[in-house]
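Observations on the model geometry
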Amino acid sequence: MKIDKELIERVAKVSRLNLKEEEKESFVKDFKDVLEVFSKIGKVKTDNLDLSVQPVKFENVFREDKVEKSLNEKEVFKNTELKEKGFFKGPKIL
Amino acid sequence: MKTREFLQEAKDLNKKYNFFITINEKAEDGIPISVKDNICTKGLKTTAGSRILENYEPVFDATVIEKAKKSKYVVVGKTGMDEFGFGSFSTNCAYEIPKNPLDNTRSCGGSSGGGAGYTYASKLSNSSIGESTGGSISCPAAFCSVVGITPTYGLVSRYGLIDYANSLDKIGTFGKSVKDAVKLLNVISGYDEKDSTSIKKGKENYEKYLGKDIKKFKVGVIKEFSNGEGINLEVEKDFWDGVKKLESNGVKCKEVSFKLSDLVLPVYYVIAMCEASTNLAKYCGIRYGMTKELKGTFNEYFSSVRESYFGKEAKRRILLGTFMRMAGYRDAYYIKALKLRSLITQEYKKLFKEFDVLLTPTMPILPPKFSEIEKLNPVENYMCDILTTGPNLSGLPMISVPVKKNRAVGMHFIADHLQENKIISIGDYYERVR
């Protein structure tokens, strides 16, 4: 795998994150250093191991499907300026 | 306690040490506690140390806050931390950086640095609510010479916690003493139907594990984490003096090997970054948090907001975490790490068949000076977490107790899942005999 500016740009695009030119350069170096340390994990056999999605085992919990109290409109929109007539406002699609 | 007393003290301390991002001017009378700034408090700014949440005022309380309020605790303020918990020194904070009350040229540790520092320095507040993903309670507890309890994953509800890594995050407590930390743990622990990873079990009174005689305990001192390379000489000496104190008071300690010691750190960081990168996807500058002028397409708008308001370490972790989950790399990093976590947890479980408690120093170094932290590269930064990431990865309960009063070195006791009783009893015993 080649770690270069193109890779960082590709990952940044997927991550929805604009980067400045100098940031791209420094992240190339960080990727190289950090992934070298992480590559250690590739050397251990893991064929018969389960994925531990959580460190402790949980059982599914079910509840009755009933209507409960939720946030009111004022609370839902309290933390944004981007609102109009009971909707959130986003950029134009067309 | 009267509001004006503890608010005045908090303000005075803040001028000197920057423990708080926000002080709660609306606090009423009660038992004062501080709360890490990634835990939602109704009507009180909650930034998680990030610019992107600079203006965020939750409209609800986290479950731990609800519980604390019911027990007459009041929130003095929201404490300084690394952005979203991304760091070990609280220096990756978008606001003022908390300074260590033992020596203000040094770090409080991280990521719950402000809470640990305030717990040490305040004469009016004895405990604090913190949160740990890979060591963010133990590390600052050691560096600020207070007690830090990180409970078993799922013992304390995460409802209302601003996630860093869902399978690793645990809310816990700081205290001036083991008793102080335990009292607050009693209040905030317990099943919560609002958190799907909350452990379903009856409420336990942890105070009953204080004052116990634990001479029958077998303590395993993990060799790889307690000697030699990577461990500061002063830390090593202090730690082994602590082990001798335990032994001379009748506790059996034996050195034991942890075979996967060199895997713990990379496995932790792979999982933590992968989960962090998905969690941070929700910050897109529309429904809450910082916004900008609406320009361009949705993707262009999101990418611009995130560029402006995330700090460097957050960007680094988003990129690395996203990369390690991308097609072609996912199996080699994320899936591999999840499998290795199973192996590491099995290794701990094997040791807990022989030992009640495992022991290491909490941190391999003394609190570094800010001038030293500036020089560290990312890998050197991450390496500082070598001792705390293991038990955090496996969701084990742990306690950090100062090796001596006012000394910035911690004894780190670790037990099997849901054996809070053991870490509390031995932590308390150590506090009495040290």
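Residues numbered from 1 in each chain as written. Chains lettered and ligands numbered in written order. Predicted model: local features only at pLDDT ≥ 70, side-chain atom pairs only at ≥ 80, totals over all residues. Heavy atoms only, no water.

1. Concerning the overall build of chain B
Counting its regular elements, chain B contains 14 helices and 11 strands. Relative to the compact-globule value of 22 Å for 434 residues, chain B shows a C-alpha radius of gyration of 20 Å, a close match. Referenced to the eigenvectors of the C-alpha coordinate spread, the extents of chain B come out at roughly 70 × 60 × 45 Å. The 434 residues of chain B split such that 68% are buried. Counting contacts in chain B only where the partners sit at least 6 residues apart, residues at least 24 apart contribute 75% of the total. Here chain B has roughly 14,900 Å² of accessible surface; of this, 49% comes from carbon and sulfur atoms. (Helix = DSSP H or I, 4+ residues; strand = E, 2+ residues; numbered from the N terminus. Rg over C-alpha atoms; globule rule 2.2 N^0.38 Å. Buried < 20%, exposed > 50% of the residue type's maximum accessible area, 1.4 Å probe, protein only. Contact = heavy atoms within 4.5 Å. Areas by Shrake-Rupley, 256 points an atom, 1.4 Å probe, with all protein chains shown as cover.)

2. Focus on helix 2 (residues 21-38) of chain A
Here helix 2 of chain A is 18 residues long and its end C-alpha atoms lie 26 Å apart, about the 26 Å a rise of 1.5 Å per residue gives. Among all positions in helix 2 of chain A, only E23, K24, F27, V28, D30, F31, V34, L35 and F38 of chain A are buried. Its buried side turned inward, helix 2 of chain A meets helix 1 (5-14) of chain A together with helix 7 (264-279), helix 9 (312-323), helix 10 (331-354) and helix 12 (378-383) of chain B. (Expected span 1.5 Å × (residues − 1).)

3. What about the domain arrangement of chain B?
All names here are of chain B. Assigned domains within chain B: domain 1 (3-212) and domain 2 (263-319). Here the C-alpha centroids of domain 1 and domain 2 sit 24 Å apart. Of the residues lining the interface, 21 residues belong to domain 1; the matching set on domain 2 comes to 20 residues. Between domain 1 and domain 2, the buried area comes to about 1,700 Å², and carbon and sulfur atoms account for 61% of it. Of all residues in domain 1, I52, F86 and Y164 bury the most surface against domain 2, accounting for 37% of the area lost on that side. For D163, the salt bridge is made with K282, and the minimal N-O distance between the two is 4.0 Å. Our enumeration of links across domain 1 and domain 2 arrives at 11 residue pairs in polar contact (both at pLDDT 80 or more). (Domains from an automatic or database assignment. Buried area = accessible area lost by both parts, 1.4 Å probe. Salt bridge = Lys/Arg side-chain N within 4 Å of Asp/Glu carboxyl O. Polar contact = N/O pair within 3.5 Å; in protein donor to acceptor, adjacent residues only side chain to side chain.)

4. Overview of the nonpolar core
All names here are of chain B. Residues F84, I129, M324, F413 and I424 are the most contacted members of the largest nonpolar core, which totals 136 residues. A per-element tally of this core places helix 7 first, with 11 residues. When we break this core down by domain, the ones giving at least three residues each are domain 1 (3-212) and domain 2 (263-319). Other than its neighbours up to four places away in sequence, I129 contacts I33, S34, V35, K36, I39, V64, I65, I171, G172, L184 and I188. The next biggest cluster of nonpolar side chains, apart from the first, holds 20 residues, and it includes I23, V74, Y118 and I137. (Core = buried A, V, L, I, M, F, W, Y, C linked by side-chain atoms within 4.5 Å.)

5. A word on the interface of chain B and chain A
The partner chain A presents 49 residues to the 71 residues of chain B that form the contact. Summing both partners gives a buried area of about 5,500 Å² for chain B against chain A, and 70% of it is carried by carbon and sulfur. It is V59, L319 and K339 of chain B that lose the most area in chain B upon contact with chain A, and together they represent 12% of the buried surface on that side. Viewed at the interface, chain A and chain B are joined by four salt bridges. The partner of K20 of chain A in a salt bridge is E307 of chain B, with the nearest N and O atoms 3.6 Å apart. Put simply, the parts of the chain that give the side of chain B that touches chain A at least two residues each are helix 7, helix 8 (298-309), helix 9, helix 10 and helix 12 of chain B. Sorting elements by how many residues they give to the side of chain B that touches chain A places helix 10 of chain B first, with 12 residues. Grouping the amino acids of the side of chain B that touches chain A by side-chain chemistry returns 37 nonpolar, 21 polar and 13 charged. (Nonpolar A, V, L, I, M, F, W, Y, C, P; charged D, E, K, R; others polar.)

6. Notes on the pattern of salt bridges
The full count for this structure, using the stated rule, is 32 salt bridges over all chains. A salt bridge links E54 of chain B to R51 of chain B; the nearest nitrogen and oxygen atoms lie 2.8 Å apart. Looking at E54 of chain B, the relative accessible area reads 27%, which means it is partly exposed. Put simply, R106 of chain B and D103 of chain B hold a salt bridge, and the shortest N to O gap is 2.9 Å. On the basis of relative accessible area, R106 of chain B is assigned to the partly exposed category, the value being 24%. Each of the salt bridges in this network shares a partner with another, and the network as a whole consists of K5, E9, E21 and K24 of chain A.

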